[in-house]
Amino acid sequence: QVQLVESGGGFVESGGSLRLSCYASGFTLDDYAIAWFRQASGQERERVSCISNSGGFTNYADSVKGRFTISRDNNKNTVYLEMNSLKPEDTGAYYCAAREFCNLGGGPYEYWGQGTQVTVSS
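What counts as what
Residues numbered from 1 in each chain as written. Predicted model: local features only at pLDDT ≥ 70, side-chain atom pairs only at ≥ 80, totals over all residues. Heavy atoms only, no water. Helix = DSSP H or I, 4+ residues; strand = E, 2+ residues; numbered from the N terminus. Buried < 20%, exposed > 50% of the residue type's maximum accessible area, 1.4 Å probe, protein only. Contact = heavy atoms within 4.5 Å. Pairing = 2+ DSSP bridges. Axes fitted to C-alpha atoms, helices over the stretch in contact; angles between N-to-C directions. Disulfide = S-S within 2.5 Å.

(A) Here's a closer look at the environment of Phe 11. Note that Phe 11 resides in strand β2 (residues 10-13). Exposure remark for Phe 11: the relative accessible area of 59% places this residue in the exposed category. Separated by 109 residues in sequence, Phe 11 and Val 120 have C-alpha atoms that sit 6.0 Å apart. In this structure Phe 11 touches Thr 119 and Ser 121, once residues within four positions along its chain are discounted.

(B) Geometry of the sheet that holds strand β7 (residues 68-73). Spatial ordering of the open sheet is given by β1-β3-β8-β7, a layout of 4 strands whose pairing is antiparallel. Each edge of the sheet is formed by a strand with only one pairing partner; in this case those strands are β1 (3-7) and β7. Shown here is a sheet whose adjacent strand axes are inclined to one another by a mean of 15°, direction ignored. The pairing of β7 with strand β8 (residues 78-83) spans 6 bridges and is classified as antiparallel. By the bridge assignment for β8, Asp 73 is matched with Thr 78.

(C) A look at the pairing of strand β11 (residues 116-121). Relative to β11, β2 runs parallel, the two sharing 4 bridges. Among the inter-strand pairings, Val 12 is bridged to a residue of β11, identified as Val 120. Taken together, the 3 bridges between strand β9 (residues 92-99) and β11 define a ladder with antiparallel strand orientation. Paired with Tyr 94 across the bridge in β11 is Thr 116.

(D) Region of the structure containing the state of the cysteines. Counted by the stated rule, this structure contains 2 disulfides. The disulfide bridge from Cys 22 ends at Cys 96, spanning 2.0 Å between sulfur atoms. One disulfide, between Cys 22 and Cys 96, carries an S-S torsion of 75° and so falls in the right-handed class. Here the residue Cys 22 occupies a position in strand β3 (residues 18-25), and Cys 96 occupies one in strand β9, the gap between them amounting to 74 residues. The same class applies to Cys 22 as to Cys 96, namely buried. Taken N- to C-terminal, the disulfide-bonded cysteines of the chain are connected 1-3, 2-4.

Okay, structure coming up:
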């Protein structure tokens, strides 16, 4: 079965770090770009970051530039999101999603995970 599963969420203090993982099964991960999204309470869903299928291209939302790093290990079928200097504003449900390219003019993502919760205390 095709599936994306997020893990690594949890509760962390302001200024702390957390690493999220997105594990893919049922398809070849290196054929897909993987994006991380988040949705905070009362706010619209935001694309946090994206990485190309080979890892050669990365993209970050302005809100996380300089603090978050996306990476992938295709041998493990896993994409990571390293989050540093966390702020309460980073709190939300984080999702990974797959499609052919990071930049498709707002086009759809083929696969989505169920999400993992990140809570940053103040």
